[in-house]
Every structure is written in C-alpha cells, then in structure tokens.
Amino acid sequence: MAFRVRGVVQLVSVFSRPIRPSSTLSHRIKVTTFPRQCSCLIWRSFHTSSSFNSSYEDVPNSEWQKKLTPEQFYVCREKGTEEPFTGMYYSHYEEGVYKCVCCESELFSSKTKYDSHSGWPSFYAVYGSKGNDESETNVMRRSDNTYGMRRTEVFCKQCNSHLGHVFNDGPPPTGQRFCINSISLDFEAKEMSE
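Not measured: the values here are computed from a predicted model. For every chain, the first residue of its written sequence is number 1, and the numbers climb from 1 along that sequence. Since the coordinates come from a predicted model, pLDDT governs what is reported: local features require at least 70, and pairs of side-chain atoms require 80 or more to be given and counted, while whole-chain, interface and lining totals use all residues. Neither water nor hydrogens contribute to the side-chain values; these are computed over all heavy atoms in the structure.

Quick notes on the sheet that holds strand β7 (residues 113–114)
Between any two strands, at least two bridges found by DSSP are needed for them to pair. Each helix is a run of DSSP H or I of at least 4 residues and each strand a run of E of at least 2, with the numbering of both proceeding from the N terminus. The antiparallel open sheet is built from six strands, whose spatial order is β7-β8-β12-β11-β10-β9. Strands with a single pairing partner mark the edges of an open sheet, and in this sheet they are β7 and β9 (139–144). As paired elements, strand β11 (residues 162–167) and strand β12 (residues 177–180) share four bridges and run antiparallel to each other. By the bridge assignment, Val166 is partnered in β12 with Phe178.

Looking at the nonpolar core
The tendency in soluble globular proteins is for nonpolar side chains to be buried side by side. In terms of nonpolar packing, the biggest core is built from 26 residues, with Trp64, Cys102, Leu107, Phe108, Cys159, Phe178 and Ile180 touching the most fellow members. Elements supplying a minimum of two residues to this core: α2 (70–78), β5 (96–100), β6 (106–109), β10 (151–156), β11, β12 and β13 (185–189). If we ignore the near neighbours within four places in the chain, the residues touching Cys102 are Trp64, Lys67, Leu68, Cys76, Arg77, Cys159 and Ser161. Put simply, a nonpolar core is a bunch of buried Ala, Val, Leu, Ile, Met, Phe, Trp, Tyr and Cys residues held in one set by side-chain atoms that sit within 4.5 Å of each other. Per-residue accessibility, obtained with a 1.4 Å probe over protein chains only, is compared with the maximum for each type, and a residue is labelled buried under 20%, exposed over 50%, and partly exposed between these values. Throughout, a contact is declared for two residues whenever any of their heavy atoms are within 4.5 Å.

Side note on the packing of aromatic side chains
Two rings from Phe, Tyr or Trp (for Trp, the six-membered ring) form a pair when their centres sit within 6.5 Å of each other. Planes less than 30 degrees apart are called stacked, planes more than 60 degrees apart edge-to-face, and all others tilted. Taken as a whole, this structure holds seven aromatic pairs when the rule is applied. Taken together, a centroid distance of 5.4 Å and an interplanar angle of 85° make the contact between Tyr89 and Tyr98 edge-to-face. Ring centres 4.8 Å apart and planes at 55° place the aromatic pair Tyr98 and Phe187 in the tilted group. Of the two residues, Tyr98 sits in strand β5 while Phe187 sits in strand β13, which places them 89 residues apart along the sequence. In this pair, the class of Tyr98 matches that of Phe187, namely buried. Joined through ring pairs, the aromatic side chains of Tyr89, Tyr98, Phe108, Phe123, Phe178 and Phe187 make up one cluster.

As structure tokens, then:
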C-alpha cells in the first residue's frame, strides 16, 4: 500500500522476511526494516524531481477495498455515483478544504462551494487553480462517454480516484460546475484566507 506523507512515498507491506527492491529501483529506494516482531517493511523514495508524484497505479484493488468502505470503493475505484441529495457534504458549509478520500490530496476549497441544486456538492473552481489554469492542482479531466452521454470526468491526479464530473453551466468567474460525489471526499476544517 502506498501512502504520500509530506512528499515522501512510503510503501508499507506486512511480511515476516525482508523484501529486496528490484535493481531498476534500487538507486532511488532506501529500505528500512524494523525488528522481526514488527513484521513490516517501509520503502522510502528519495527522488528529488519536483515533477515526481507518488504512484498509486500499482496499488491492487484488494488494498483499496481494505482502505475504503464498499460505497467509497464503488464510487472512487469503479466510477460509480452516489444517490443525489444523500451525500454528507451536499449541505455542508463549514470553512476548510475538501480532500481526496483515497490519498488526502487537497481538491476543493469551501470558498468555491455553492448550491447548484443538483443533489451533489458543487464547486466553481479547483483548489489551487489560478483562473482556469488547473496545471498545479490535484484534479485532472478526461472524456467520459458512458451511458450514451458526452461528459467530462474529474479525477484525482495523485491516485486516479473518480470524483465526479464538470459541466459548463456554473457561476462566474469560471462558468464551471464541478459536480462531486460526497463519498469521494474528506474534509479538513480550517480558516481560509482571502
């Protein structure tokens, strides 16, 4: 299982014997083992490139099923949708940041949340975006043509978790409506500066 902690990638496994990293990765990985009674191994990546992101691509579905509730797994990993007007963040107006439930990446600010009456939490901008520039954010977009509709899916850039969809019927200043499943989010309360 991979966890991103302050820019350091940690792969944690439970084994009774040490595991050796592959030779192709050994120049980037420091292996730390603990006493046998701990039975765990942590691989820490010390890659220095600023473009390096932790990779969740190799995390098997069995690990996601252990971390997430069945409902979270269905929405985040299988691209499901929660029922409208049922999500815990639909009528939530506390000040803070909405994060990815899978990897805790910051996704949306309470400052950009609004009531679109769609049944899902709606935001007009992504956390950290500069106008319509989302290149420095944790949200990506891709075409979604499922169910005979043409939509744009939004997903977490760090762990590929399905978040919801974005539409071009939102309020100013962006004109966008990020329609997000509550179940794909965590919330961290904090004061937001202007």
